[in-house]
Amino acid sequence: MSGALSEQSALGRHASRVQRTGRSLPFDDPRHLQAHHWLVDEAWLLDEQAYEDWLELITDDVHYLMPVRVTTALGAGYDTARGMAHFDEDKYSLSRRVARFLTEHAWTEDPPSRLRHHLSNVRTFATDDPDHLVVESATLLFRNRGDVREGSFVSAGREDLLRRVDDGWQLARRVIMVDDSVMRMQNLAIFL
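Residues numbered from 1 in each chain as written. Predicted model: local features only at pLDDT ≥ 70, side-chain atom pairs only at ≥ 80, totals over all residues. Heavy atoms only, no water.

A. View of the packing of aromatic side chains. Under the definition given, this model contains eight aromatic pairs. Look at tyrosine 51 and phenylalanine 191: their rings are 5.1 Å apart centre to centre, the planes differ by 65°, and that puts the pair in the edge-to-face class. Pair noted here: tyrosine 51 is in helix 3 (residues 51–55) and phenylalanine 191 is in the segment after strand 7 (168–178), with a separation of 140 residues, a long-range link. For the pair formed by tyrosine 51 and phenylalanine 191, the shared burial category is buried. Taken together, Tyr51, Trp54, Tyr64, Phe87, Phe101 and Phe191 form an aromatic cluster joined through their ring pairs. Looking at arginine 20, its charged tip hangs above the ring of phenylalanine 125, at a distance of 4.2 Å from the centre. (Phe/Tyr/Trp six-rings, centres within 6.5 Å; stacked < 30°, edge-to-face > 60°. Helix = DSSP H or I, 4+ residues; strand = E, 2+ residues; numbered from the N terminus. Buried < 20%, exposed > 50% of the residue type's maximum accessible area, 1.4 Å probe, protein only. Lys NZ or Arg CZ within 6 Å of the ring centre and 35° of its normal.)

Printed below as a string of structure tokens:
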């Protein structure tokens, strides 16, 4: 699924095409435990808005994609708008967003949002390459800005490709499938 969506994107053409194989790994498999630990640590960095540290967790050839969801008839064969995405990014564009947060021009995040990433339904899959894992998860992001607005939520499923590096794992691909076809958040100055 994720590899095909990356192929349709100009920024995703360079991304790894590694796909999962077989059934999900048992929860006590060391690879599953490592992947789950990685996701929890990543969520903490995002909640703390430690974005420069977060960038160190991603590969140079990363593809970070959140397609626009559409509601279609049963059996239509698609549920995303071809060529349209809320996020379609590579390492360079992600690093530019992070750099902007550190300037006085990031008015959408000044004062910063209060964030909480909730993770569940983590399933890990082996691949044909032992240095890669595919990890599915569900995420619920709570975000609150200022003192007068209600908090907002984004619910999504994610499929990540993690790549083993010398000192752990890095994110090589993320496809985020939001559960809403209309985003109700004031802006998307966030990472999921």
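B. Quick peek at the pattern of salt bridges. Considering all chains together, one arrives at 10 salt bridges under this definition. For the salt bridge of arginine 116 with aspartate 47, the shortest nitrogen-to-oxygen distance reads 3.5 Å. In this pair, arginine 116 is assigned in strand 4 (residues 114–127) and aspartate 47 in helix 2 (residues 30–47), connecting sequence segments 69 residues apart. Across the pair arginine 97 and glutamate 89 runs a salt bridge whose closest N-O atoms are separated by 2.8 Å. Exposure class is identical for arginine 97 and glutamate 89. Each is buried. (Salt bridge = Lys/Arg side-chain N within 4 Å of Asp/Glu carboxyl O.)

C. Representation of the side chain of serine 152. Within the element layout of this structure, serine 152 appears in strand 6 (residues 152–165). Not counting chain neighbours up to four residues away, the residues in contact with serine 152 comprise Leu141, Phe142, Arg143 and Met185. (Contact = heavy atoms within 4.5 Å.)

D. Spatial organisation of the nonpolar core. Membership of the largest hydrophobic core comes to 37 residues, with the highest contact counts inside it found for Trp54, Tyr64, Leu94, Phe191 and Leu192. Contributing elements (two or more residues each) for this core: helix 2, helix 3, strand 2 (58–69), helix 4 (91–101), strand 4, strand 5 (132–144), strand 6 and strand 7. Ranked by residue count, the leading element in this core is helix 2, at five residues. Sequence-distant contacts of tryptophan 54, that is, excluding residues within four places in its chain, are made with Glu42, Leu45, Leu46, Tyr64, Leu94 and Phe191. Within the second largest apolar cluster, five residues are counted, among which are Phe125, Val134, Leu161 and Ala172. (Core = buried A, V, L, I, M, F, W, Y, C linked by side-chain atoms within 4.5 Å.)

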